[in-house]
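Read off the chains here:
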Amino acid sequence: MNPPSGIRIEGVTHYFAKPGSKEYTPVLSDVSLEARAGQFLALVGPSGCGKTTLLNMIAGLVQPTHGKVYRGEELATRPDRDVAYMLARAALFPWRTAQKNVELGLELRGAPRQERADTAARLLELTGLKDFAKSYPSHLSQGMRQRVALARTFALKPKFVLMDEPFSALDAQTKLAHQEEFVRIWEQTRTTAVLVTHDLAEAILMADRVVVFSPRPGRIKADLEIQLPRPRDLETLRFDERYRDIHERMWMELKQDVDHA
Amino acid sequence: MSTVPKTYSETKGNEESATASGGDAALPPPPAPSRNWRLYGNLTTQALRIGVLVLVCGLWQLSTSLGWVDPFLVSTPWDVARFLVSSLSSGDIWPHVQATVTATLIAFVVGSLAGIVTGLVLSVSPRLNAVLDPYLTIANAMPRVALAPLFLLWFGLGQTSKVMMGISTGYFILVLNTHAGVKAIDPDLKTICHVMGANRLQMFTKLILPAAVPAIFAGLRLSVVYSLLGVVLAEMLASQAGMGQLLQYYAGLFQVQGVFGVLICLSLLAVAGTAVVGAVENRILRWQ
Ligand SMILES: Nc1ncnc2c1ncn2[C@@H]1O[C@H](COP(=O)(O)OP(=O)(O)OP(=O)(O)O)[C@@H](O)[C@H]1O
Ligand SMILES: [Mg+2]
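Here the structure is a predicted model, which is why all the values come from computation and not from measurement.

Colleague: Quick question: what am I supposed to make of unusual backbone geometry here?
Modeller: Negative phi characterises most residues that are not glycine, and trans characterises most peptide bonds. Residue and element names in this part refer to chain A. Residue proline 217 is bonded to the preceding arginine 216 through a cis peptide linkage, with omega at -5°. Of note, proline 217 is situated in the loop between β9 (209–213) and β10 (220–225). Omega for the bond connecting arginine 230 with proline 231 falls within 30 degrees of zero, at -5°, which places this linkage in the cis form. Assignment of secondary structure puts proline 231 in the loop between β10 and α7 (234–237). With a phi close to 45°, aspartate 30 is a non-glycine residue in the positive phi region.

Structure representation (structure tokens):
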């Protein structure tokens with residue numbers, strides 16, 4: 001198992017070129033943030049404030065206009081095999097079975113067949129998809145596909161797990177099941193995790209710390225440690241006094257922006 | 001509401017019997033495995049199809065025997081059938097079928113492969129694509145059948161001319177389809193590949209190539225037909241053998257039944273070619 005490393009974001013300001021003109025849109029404004037190794041960080045904020053962009057920077061897919069992004073001690077200038085990325089849509093390869101999808105990362109690393117199969121079997125078991133290993137994505141439900149994506153995410157024993165609204169396409173019940181499942185797997189591995197979400201409850205119930213962004217250009221508005229004890233029972237925690245306090249505070253932060261908009 | 005069990009003991013009994021035999025005992029059986037013949041339509045559809053054929057042939061026969069149209073110009077179904085039987089049984093038509101089929105196969109294989117390779121190269125090299133794009137557009141927009149006289153001049157009356165003609169009609173379909181297939185790749189899949197650390201070669205073999213396969217097959221189904229078209233066209237202009245030449249020959253002799261007979265054979269060949277590609281496609285694209 002890789003020793004976990006943290007994430008450090010130093011004074012990141014970012015511009016995107018407006019399509020078809022010489023002008024630039026500021027997307028992120030002087031964002032600095034440090035996540036400890038093994039911390040579960042959630043990013044919330046209004047649509048278009050640059051959350052996905054920031055995640056892409058950590059993944060090494062986008063270079064900030066100003067400032068620096070580090071994964072551990074290393075500058076995040078390009079994608080790295082220690083990083084796993086989970087998207088809102090499962091993004092499975094439709095011509096690969098569930099098992100082959102989970103094996104993809106290992107295959108790219110040239111891992112031997114047996115090791116790939118063992119890892120995939122273990123993770124499909126863990127995500128409750130053992131019986132569907134040989135199914136193609138078109139024969140799986142939305143929720144099952146997302147669980148395959150989850151298995152794929154953890155198959156590489158990543159040091160960093162980045163998630164962009166991974167549960168947003170699921171219905172309420174499936175969502176809760178997936179959130180719990182994710183937390184359960186994460187608690188076993190304790191990788192550094194960054195979760196982008198629109199769902200305040202999700203952020204508070206799952207993460208160690210929630211960072212709230214302002215509308216575009218995104219600035220950090222609030223940064224809260226969530227001291228709810230682990231392991232957490234997401235279903236009952238909703239009715240916990242402390243959860244309600246935090247939720248209230250964050251809601252006020254976000255609400256101000258909505259009122260001003 | 002009617003499914004609510006009446007008594008507690010009844011539910012309990014059901015549960016026990018269910019778990020005892022693997023959990024499925026309480027369920028009615030699953031449907032019988034479905035068979036493929038449904039694909040070709042049910043009996044009524046089949047009957048109606050044959051009905052249409054009979055109707056068309058009947059009208060055709062009737063209108064000639066009643067003198068509405070001149071059988072010299074349109075022949076009759078009966079004459080066409082007689083022509084087909086006699087030329088197939090005497091074997092006169094076979095060398096021509098062989099010439100056309102061989103040329104079409106060569107043109108299809110070479111043209112499609114070249115088209116796929118070109119399409120893939122253009123897809124992985126945006127620069128090359130940007131440079132060549134206008135020329136490809138022009139070459140594709142040009143009515144390429146008009147190249148036939150030139151090919152005859154360059155390659156003579158033999159097989160090469162018609163193969164080249166068949167290649168030129170099939171090639172661009174594959175270039176464009178392959179390219180379109182790659183362009184349509186889900187950007188999320190690219191992101192996932194990137195993040196997982198795929199190198200350029202892996203990006204190609206694990207993502208681009210398999211993702212383009214459906215579009216490539218759609219192109220292949222078309223290019224079978226278009227290769228045949230190119231070949232037949234070249235044969236019609238000038239050649240030593242082939243079904244296109246045969247068409248010209250019968251038309252020149254005012255043997256309309258011969259023209260129709262050859263046309264029917266050509267259509268059957270085209271349908272057979274498409275069916276073969278379709279069958280291969282169904283095997284390869286089982287994941288769809
Ligand atoms: N590749 C790009 N080129 C140009 N502009 C971009 C690009 N990607 C994002 N943007 C712009 O940057 C801004 C922030 O986008 P981003 O996707 O990071 O927002 P977000 O916070 O993830 O929003 P959401 O919650 O809706 O997903 C948006 O205004 C978007 O239009
Ligand atoms: Mg986003």
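Colleague: Explain helix α1 (residues 51–59) of chain A to me, please; I cannot follow it from the model alone.
Modeller: An α-helix turns once per 3.6 residues; consequently, residues spaced three or four apart project the same way. Residues and elements named next belong to chain A. A large share of α1 lies buried, amounting to 8 of its 9 residues. When α1 is considered as a whole, its buried residues turn out to be Lys51, Thr53, Leu54, Leu55, Asn56, Met57, Ile58 and Ala59. After α1 finishes, the residue glycine 60 shows a positive phi value of roughly 85°.

Colleague: Hey, could you run me through the interface of chain B and chain A in this one?
Modeller: It is common to report an interface's size as the accessible area lost on association of the parts. In this assembly, 18 residues from chain B lie in contact with 24 residues from chain A. Buried area between chain B and chain A, both sides added, is near 2,000 Å², and the carbon and sulfur share of it is 70%. For chain B, the biggest contributors to the area lost against chain A are Val195(B), Met196(B) and Trp287(B); these three give 37% of the whole. A salt bridge links Lys206(B) to Glu107(A), with the shortest nitrogen-to-oxygen separation between them at 2.7 Å. Linking chain B with chain A are 6 residue pairs in polar contact (both at pLDDT 80 or more). Within the residue set of the side of chain B that touches chain A, elements represented by two or more residues are α9 (187–195) and α10 (200–237) of chain B.

Colleague: Would you mind showing me how to read the sheet that holds β10(A) here?
Modeller: Hydrogen bonds along the backbone pair up the strands of a sheet, which may run parallel or antiparallel. All names here are of chain A. Pairing is mixed across the open sheet formed by 6 strands, whose spatial order is β6-β7-β8-β3-β9-β10. Pairing within the sheet leaves two strands with one partner each, and these edge strands are β6 (83–86) and β10. Averaged over neighbouring strand pairs, the angle between their axes works out to 15° when direction is ignored. As judged from the 4 bridges shared by strand β3 (residues 40–44) and strand β8 (residues 192–196), these two strands associate in the parallel manner. Bridge pairing links alanine 42 to leucine 195 in β8.

Calculation criteria
Residues numbered from 1 in each chain as written. Chains lettered and ligands numbered in written order. Predicted model: local features only at pLDDT ≥ 70, side-chain atom pairs only at ≥ 80, totals over all residues. Heavy atoms only, no water. Helix = DSSP H or I, 4+ residues; strand = E, 2+ residues; numbered from the N terminus. Buried < 20%, exposed > 50% of the residue type's maximum accessible area, 1.4 Å probe, protein only. Contact = heavy atoms within 4.5 Å. Buried area = accessible area lost by both parts, 1.4 Å probe. Salt bridge = Lys/Arg side-chain N within 4 Å of Asp/Glu carboxyl O. Polar contact = N/O pair within 3.5 Å; in protein donor to acceptor, adjacent residues only side chain to side chain. Pairing = 2+ DSSP bridges. Axes fitted to C-alpha atoms, helices over the stretch in contact; angles between N-to-C directions.

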